[in-house]
Amino acid sequence: MIRVAIANQKGGVGKTTTAINIATAMAATGWRALLIDLDPQGNASTGIGIGAAERELSSYDMLVDQRPLADCVIPTRIPGLDIVPATVDLSGAEVELVAVENRTDRMRQALAGDTAHDICFIDCPPSLGLLTLNAMTAADTMLVPLQCEFFALEGLSQLLQTVERVQQRFNPDLGIIGVALTMFDRRNRLTDQVAEDVRSCLGSLVFETAIPRNVRLSEAPSHGLPALVYDHSCAGSRAYMALARELIGRLPERRKAA
């Protein structure tokens, strides 16, 4: 199982929207996908239709209490897509894990040996704390959503420094499979300028597909559905399907055969 952390310490850049829809797109193309909600707000869980009453066990139980992954997985209404939901308990996990031995390795231990899924996406919180560190330590690679706005590159620089430190101390194999430009608005000249700056700085690391600002993407979570199910023909859904195709094209051949 390939493990992809979807991370950016800035909030509001489209991490959860990307996690939900890229996981749905991968499931739609035949991959057995797992989505792990590692954000205490639990937006990925809500956005895919998992209500609070259904979250008997969560990513908190998996990390802090070391419950087996299989006990925490819930099937979603999307064929081929499972989720480990999040609850508000997760907000205390960082404090509880501080004194724990191997506190950065809990996620990797939990995911070890999972043969039920081909790919796992970890929706990280908007911070570079212990939860995100666990995701980076467990991940094979990272997908970074980057909002097309003025401070995008400044935040990305901080994230890249963190990735380098994780590589040095915890996970030397961690890489970045790509940067996805989100909230792209062709009517805004600043958006075009930011996109040009990011591409000139990072080159081919940036996905060709940019995710547009789209009302249907914003509406879908309130219905407990990925945009790809809520309105598969909208511009946002088409963009996430194109992004999924790009992602598959960047995965190593041995992983594609999974």
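Data block above holds the structure.
All values reported here derive from a predicted model rather than from experimental measurement.

> What exactly am I supposed to notice about the overall build of the chain here?
Helix and strand content of the chain: 13 helices and seven strands. For 258 residues, the compact-globule estimate of 2.2 N^0.38 gives 18 Å, and the C-alpha radius of gyration of the chain, at 17 Å, lies within 12% of that figure. Dimensions of the chain along its principal axes, counting C-alpha atoms only, are 50 × 40 × 35 Å. Going through the 258 residues of the chain one by one, you find that 55% of them count as buried. For the chain, the share of sequence-separated contacts (at least 6 apart) that also reach a separation of at least 24 residues comes to 78%. Summing over all exposed atoms, the chain offers an accessible surface of approximately 11200 Å²; the carbon and sulfur share of this is 49%.

> Explain the sheet that holds strand 7 (residues 175-182) to me, please; I cannot follow it from the model alone.
Strand pairs in the sheet, formed through backbone hydrogen bonds, run parallel or antiparallel to each other. Within the open sheet, the seven strands sit side by side as 3-4-2-5-1-6-7. Their pairing is mixed. For this open sheet the edge positions go to strand 3 (74-75) and strand 7, each flanked by a neighbour on one side alone. For strand 2 (residues 33-37) and strand 5 (residues 119-123), the ladder comprises five bridges, and the chain directions are parallel. Bridge pairing in strand 5 places Ile36 opposite Ile122. Lying over the sheet, helix 12 (residues 235-250) contacts strand 5, strand 6 (141-147) and strand 7, oriented at roughly 165 degrees with respect to strand 7.

> What should I look at first to understand the pairing of strand 4 (residues 81-84) in this one?
Strand residues, when the strand is regular, have side chains that alternate between the two faces of the sheet. Relative to strand 4, strand 2 runs parallel, the two being bridged by four bridges. Pairing of Ala33 across the sheet is with Leu81, part of strand 4. Strand direction decides the pairing type here: strand 3 and strand 4, joined by two bridges, are antiparallel. When the bridges of strand 4 are listed, Pro75 appears paired with Asp82. Between strand 3 and strand 4, which follow one another and run antiparallel, lie five residues, and Gly80 among them has a positive phi close to 85 degrees.

What counts as what
- Residues numbered from 1 in each chain as written.
- Predicted model: local features only at pLDDT ≥ 70, side-chain atom pairs only at ≥ 80, totals over all residues.
- Heavy atoms only, no water.
- Helix = DSSP H or I, 4+ residues; strand = E, 2+ residues; numbered from the N terminus.
- Rg over C-alpha atoms; globule rule 2.2 N^0.38 Å.
- Buried < 20%, exposed > 50% of the residue type's maximum accessible area, 1.4 Å probe, protein only.
- Contact = heavy atoms within 4.5 Å.
- Areas by Shrake-Rupley, 256 points an atom, 1.4 Å probe, with all protein chains shown as cover.
- Pairing = 2+ DSSP bridges.
- Axes fitted to C-alpha atoms, helices over the stretch in contact; angles between N-to-C directions.

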